[in-house]
Amino acid sequence: MEYILISGATGGLGKALTESCPKNSNLFLLGRDKERLSAFKKELESSGRFGEIITFQADLTKEEERSALFEFADEKSVRFCALLNVAGADIRKPFKDYTDEKLLFQIRLNAEAAIALSLGVIKRRGKELKILAVSSMCGIMPMPYFAVYSATKAAVLNFFTALYYEEKDVGVTVLVPGSIPTREDIKEDIKRQGITAKLSSKSPEFVSKKAMKALYKNKRLKVPGLYNKINYFLQKIIPTPIKCRFMARRWKKNIKDAF
Ligand SMILES: NC(=O)c1ccc[n+]([C@@H]2O[C@H](COP(=O)([O-])OP(=O)(O)OC[C@H]3O[C@@H](n4cnc5c(N)ncnc54)[C@H](OP(=O)(O)O)[C@@H]3O)[C@@H](O)[C@H]2O)c1
């Protein structure tokens, strides 16, 4: 049977993307917390919108847990028709304040896990295969105090854009959202940052709808929202020293680490 594999399915954007999956899809949900996964599974089952739903608990930063996930899929003869690579960590703080553990966690989750899951589903693809990769507006420019996040999201953007041109029979879409009010700390952050963050902010439901539409239309890139589209274009032409100094001033006073 063919399933849509969704990482970060119990997070803010992950839930909304799962709910935006095509009607009657079979879902294969990933998360770290068993209770949250089974509560979400129950909620989805009671909606009656989807087919079979499998949940699997895995810390995606760990190679052995990713292998266990694909062994489990093989035992059940699972094939994948889509992968929504949503799991990610948006830690923002001075680089010197990282521990080695935190640094590896963020790089592994945002870049390594997304790329490794893609290899796993390509090797177990169904008749069709679509991959959605969640990058960020932070991935289109270097960001002081958000350096690890912006670097890993740039890796996601570059890797999946390359894959779009390499694997012609896999539909690859890179999502580049601005702010999405998911966790409470992100909602507070959007309020604190003022008008530009408010203009950039789009609900998880709005972003998910746009992302899924782009994925099923085989679009290479999706930037949801008019302000974000203009910003995406401006960031291509504003000189790096100007934007980096601006971002450094903004993020220096706005640290966050919810992980
Ligand atoms: N919110 C924004 O403003 C924004 C903007 C641009 C891009 N994004 C990107 O959108 C994605 C979702 O973000 P969100 O706002 O929905 O945040 P979120 O609610 O914190 O979701 C993050 C997800 O990542 C999962 N995760 C964290 N560590 C993991 C690990 N070690 N192994 C497996 N899964 C792990 C979490 O799983 P658990 O449920 O098990 O904790 C959670 O489902 C991220 O990639 C983020 O970078 C967000």
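Before reading on, note that the structure itself is shown above.
Conventions and cut-offs
Residues numbered from 1 in each chain as written. Predicted model: local features only at pLDDT ≥ 70, side-chain atom pairs only at ≥ 80, totals over all residues. Near = placed C-beta within 6 Å. Helix = DSSP H or I, 4+ residues; strand = E, 2+ residues; numbered from the N terminus. Pairing = 2+ DSSP bridges. Contact = placed C-beta atoms within 7 Å. Axes fitted to C-alpha atoms, helices over the stretch in contact; angles between N-to-C directions. Core = buried A, V, L, I, M, F, W, Y, C linked by C-beta atoms within 7 Å. Buried ≥ 20, exposed ≤ 12 C-beta atoms within 10 Å, placed from the backbone. Right-handed = clockwise from strand over helix to strand, strands pointing away. Parallel < 35°, antiparallel > 145°, perpendicular 65-115°, else oblique. Left-handed = near helix turned anticlockwise from the far one by under 90°.

K.L.:
Is there a simple way to explain the site of the ligand in this structure?
P.N.:
In the vicinity of the ligand lie 27 residues, with Gly8, Gly11, Gly12, Arg32 and Gly88 positioned nearest. It is helix 1 (residues 12-19) that contributes the most residues to the shell around the ligand, 3 residues altogether.

K.L.:
What is the right way to look at the sheet that holds strand 2 (residues 27-31) in this model?
P.N.:
Hydrogen bonds between backbone groups are what pair the strands of a sheet, and the pairing can be parallel or antiparallel. The strand order 3-2-1-4-5-6-7 describes an open sheet built from 7 strands, whose pairing is parallel. Only two strands of the sheet have a single partner each, and these edge strands are strand 3 (53-57) and strand 7 (221-222). As paired elements, strand 6 (residues 171-175) and strand 7 share 2 bridges and run parallel to each other. Each residue of the ladder has a partner; that of leucine 175, found in strand 7, is lysine 222. Its contacts with the sheet place helix 8 (residues 204-216) against strand 5 (125-134), strand 6 and strand 7, and it is angled at close to 155° to strand 6.

K.L.:
How should I be thinking about the nonpolar core in this particular structure?
P.N.:
Nonpolar side chains in soluble globular proteins generally cluster together in the buried interior. Counting 49 residues, the largest nonpolar core has Ile4, Leu5, Ile6 and Ala133 as the members making the most contacts within it. Once residues lying within four places of it in the same chain are set aside, the contact partners of isoleucine 6 are Gly14, Leu17, Thr18, Leu27, Phe28, Leu29, Leu30, Leu84 and Val86. The next biggest cluster of nonpolar side chains, apart from the first, holds 7 residues, and it includes Met143, Phe146, Tyr149 and Trp251.

K.L.:
Help me out: how do you make sense of the pairing of strand 3 in this one?
P.N.:
The two faces of a sheet get side chains in turn, since along a regular strand they alternate between them. As paired elements, strand 2 and strand 3 share 5 bridges and run parallel to each other. Residue pairing across strands places phenylalanine 28 opposite isoleucine 54, the latter belonging to strand 3. Handedness of the crossover joining strand 2 and strand 3 through helix 2 (residues 34-47) is recorded here as right-handed.

K.L.:
Please explain the packing of helix 1 against helix 8 as it appears in this structure.
P.N.:
The axes of two packed helices give the description: the angle between them and the distance between them. Following both chains from N to C, one finds helix 1 and helix 8 inclined at 50°, their axes separated by 8 Å at the closest point. Put simply, helix 1 runs oblique to helix 8. Considering how the two elements wind past one another, helix 1 and helix 8 form a crossing that is right-handed. For the pair helix 1 and helix 8, the contacting residues are Gly12, Leu13, Ala16 and Leu17 in the first and Pro204, Glu205, Val207, Ser208, Ala211 and Met212 in the second.

These figures capture arrangement, not role.
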